[in-house]
Amino acid sequence: MNVIKVKDQVAGGQAAFKLIKQAIEAGAQVLGLATGSSPETLYQEMVNSDLDFSNMLAFNLDEYVGLAADNEQSYHYFMQEHLFKFKPFKATYIENGLAKDLEAEVERYEQLLQAHTIDVQILGIGVNGHIGFNEPGTSFDSLTHVTNLTESTIQANKRFFNDISEVPTKALTMGIKSILQSKQIILLAYGKAKAPIIKRLLSGEVTEEVPASALQKHPNVTIIIDEEAASLL
Ligand code: GLP
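Residues numbered from 1 in each chain as written. Predicted model: local features only at pLDDT ≥ 70, side-chain atom pairs only at ≥ 80, totals over all residues. Heavy atoms only, no water.

The protein goes by Glucosamine-6-phosphate deaminase in an unreviewed UniProt entry, where it is assigned to Amygdalobacter nucleatus. On record in UniProt, under Catalytic activity (unreviewed entry), the comment for the protein is "alpha-D-glucosamine 6-phosphate + H2O = beta-D-fructose 6-phosphate + NH4(+)". In the Sequence similarities (unreviewed entry) part of its UniProt record, the protein is described as follows: "Belongs to the glucosamine/galactosamine-6-phosphate isomerase family. NagB subfamily." (UniProt positions renumbered as here; feature names shortened; annotations may be inferred.)

Set out below in structure tokens:
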């Protein structure tokens, strides 16, 4: 795995943007996108750039179950507000967290993914090592699925909600195997809280207890971290 250490999250966004720009210049047509605070500066760079995404497709990693697209905490809303309303894509795909039949929805989404190889996948990482919403214990062979969020993830994400009782307990997420099918992966992590998991990711064993450790098996991964996230290396 390549590691790029940067001063702060702004520099991280610039470094990630540079990689995406190179990939697009080399022919990339399908981006895999993520939500959370980590990709925000990257999306800012994309918005401020003169790059045209209108011939590209975007697939998002995950979505909460039970939140409508216009709910401010939904990942649909996040993507709209941070990127899509400024930079139109040919088509954007995110799992439908309101689908009546969730199993049919994950099947539909996985089929879309199988029909379009993701050229560059952006990832954040949870403090427990989750990528997308693949929590510890998720099979490395997992495809898109419905998942129960762990207490640690609910606690970490409650800052976005008025009350912890409003944090959804289930989500739809691309699986580890779906993520590893991307040609190139860029993982972004900033801040002290991420330092232990970054250390574990880079030097620990590959185990389903640390979902992100699956990335060690992928041939083209770049980890972009700031000084705080790198502080235990
Ligand atoms: C959520 C998302 C993940 C994201 C993680 C970290 O749980 N499902 O995709 O990587 O949070 O978020 P942040 O970047 O805000 O630390």
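A. View of the sheet that holds strand 2 (residues 30-33). If you trace the seven strands from one edge of the open sheet to the other, you get 1-10-9-6-2-3-5, paired in parallel fashion. Here the strands that pair on one side only, and so sit at the sheet edges, are strand 1 (2-6) and strand 5 (91-93). Strand-to-strand twist in this sheet, taken as the mean axis angle between neighbours without regard to direction, amounts to 15°. As paired elements, strand 2 and strand 3 (residues 57-60) share four bridges and run parallel to each other. Of the residues in strand 3, the one forming a bridge with L31 is A58. (Pairing = 2+ DSSP bridges. Helix = DSSP H or I, 4+ residues; strand = E, 2+ residues; numbered from the N terminus. Axes fitted to C-alpha atoms, helices over the stretch in contact; angles between N-to-C directions.)

B. Summary view of the site of the ligand. By nearness alone, 13 residues border the ligand, and S37, S38, D62, H130 and K194 come closest of all. S37 has a polar side-chain atom sitting 2.7 Å from an oxygen atom of the ligand. The contact in question runs from an oxygen atom of the ligand to an N or O atom on the side chain of N157, over 3.4 Å. If the ligand stood free it would expose 390 Å²; the protein chains cover 94% of that surface. Among the residues forming the shell around the ligand, the class breakdown is three nonpolar, seven polar and three charged. (Near = heavy atom within 4 Å. Polar contact = N/O pair within 3.5 Å; in protein donor to acceptor, adjacent residues only side chain to side chain. Areas by Shrake-Rupley, 256 points an atom, 1.4 Å probe, with all protein chains shown as cover. Nonpolar A, V, L, I, M, F, W, Y, C, P; charged D, E, K, R; others polar.)

C. Layout of the pattern of salt bridges. Scanning all chains against the criterion turns up five salt bridges. Measuring nitrogen to oxygen at the nearest pair gives 3.3 Å for the salt bridge that ties K7 to D8. Under the relative-accessibility criterion, K7 is labelled exposed at 60%. With a relative accessible area of 27%, D8 lands in the partly exposed category. (Salt bridge = Lys/Arg side-chain N within 4 Å of Asp/Glu carboxyl O. Buried < 20%, exposed > 50% of the residue type's maximum accessible area, 1.4 Å probe, protein only.)

D. How the structure looks around helix 1 (residues 9-25). Helix length check: helix 1 (17 residues) gives 24 Å between terminal C-alpha atoms against 24 Å at 1.5 Å per residue, within 8%. Taken together, the buried positions of helix 1 are occupied by A11, G12, G13, A15, A16, F17, L19, I20, A23 and I24. For helix 1, the secondary structure elements touched by its buried residues are strand 1, strand 2, helix 2 (40-48), strand 6 (120-123), strand 9 (184-189) and strand 10 (221-226). Residue D8 occupies the N-cap position of helix 1, its side-chain oxygen lying 3.2 Å from the main-chain nitrogen of V10. Of the residues flanking the end of helix 1, it is G27, one or two places downstream, whose phi is positive at about 115°. (Expected span 1.5 Å × (residues − 1). Contact = heavy atoms within 4.5 Å.)

E. Inspection of the sheet that holds strand 4 (residues 62-64) at higher detail. On the basis of which strands lie adjacent, the open sheet formed by three strands has the order 4-8-7 and antiparallel pairing. Strands with a single pairing partner mark the edges of an open sheet, and in this sheet they are strand 4 and strand 7 (145-148). Taking the axes of each pair of neighbouring strands and ignoring which way they run, one obtains an average angle of 25° across the sheet.

F. Representation of the packing of aromatic side chains within the structure. In this structure the tally under the stated criterion is eight aromatic pairs. Aromatic pair Y64 and F133: ring centres 5.5 Å apart, planes at 45°, arrangement tilted. On the criterion of sequence distance, the pair formed by Y64 in strand 4 and F133 in the loop between strand 6 and strand 7 is long-range, its members being 69 residues apart. Assigned by exposure class, Y64 and F133 land together as buried. Taken together, the ring pairs connect Y64, Y75, F133 and F161 into an aromatic cluster. (Phe/Tyr/Trp six-rings, centres within 6.5 Å; stacked < 30°, edge-to-face > 60°.)

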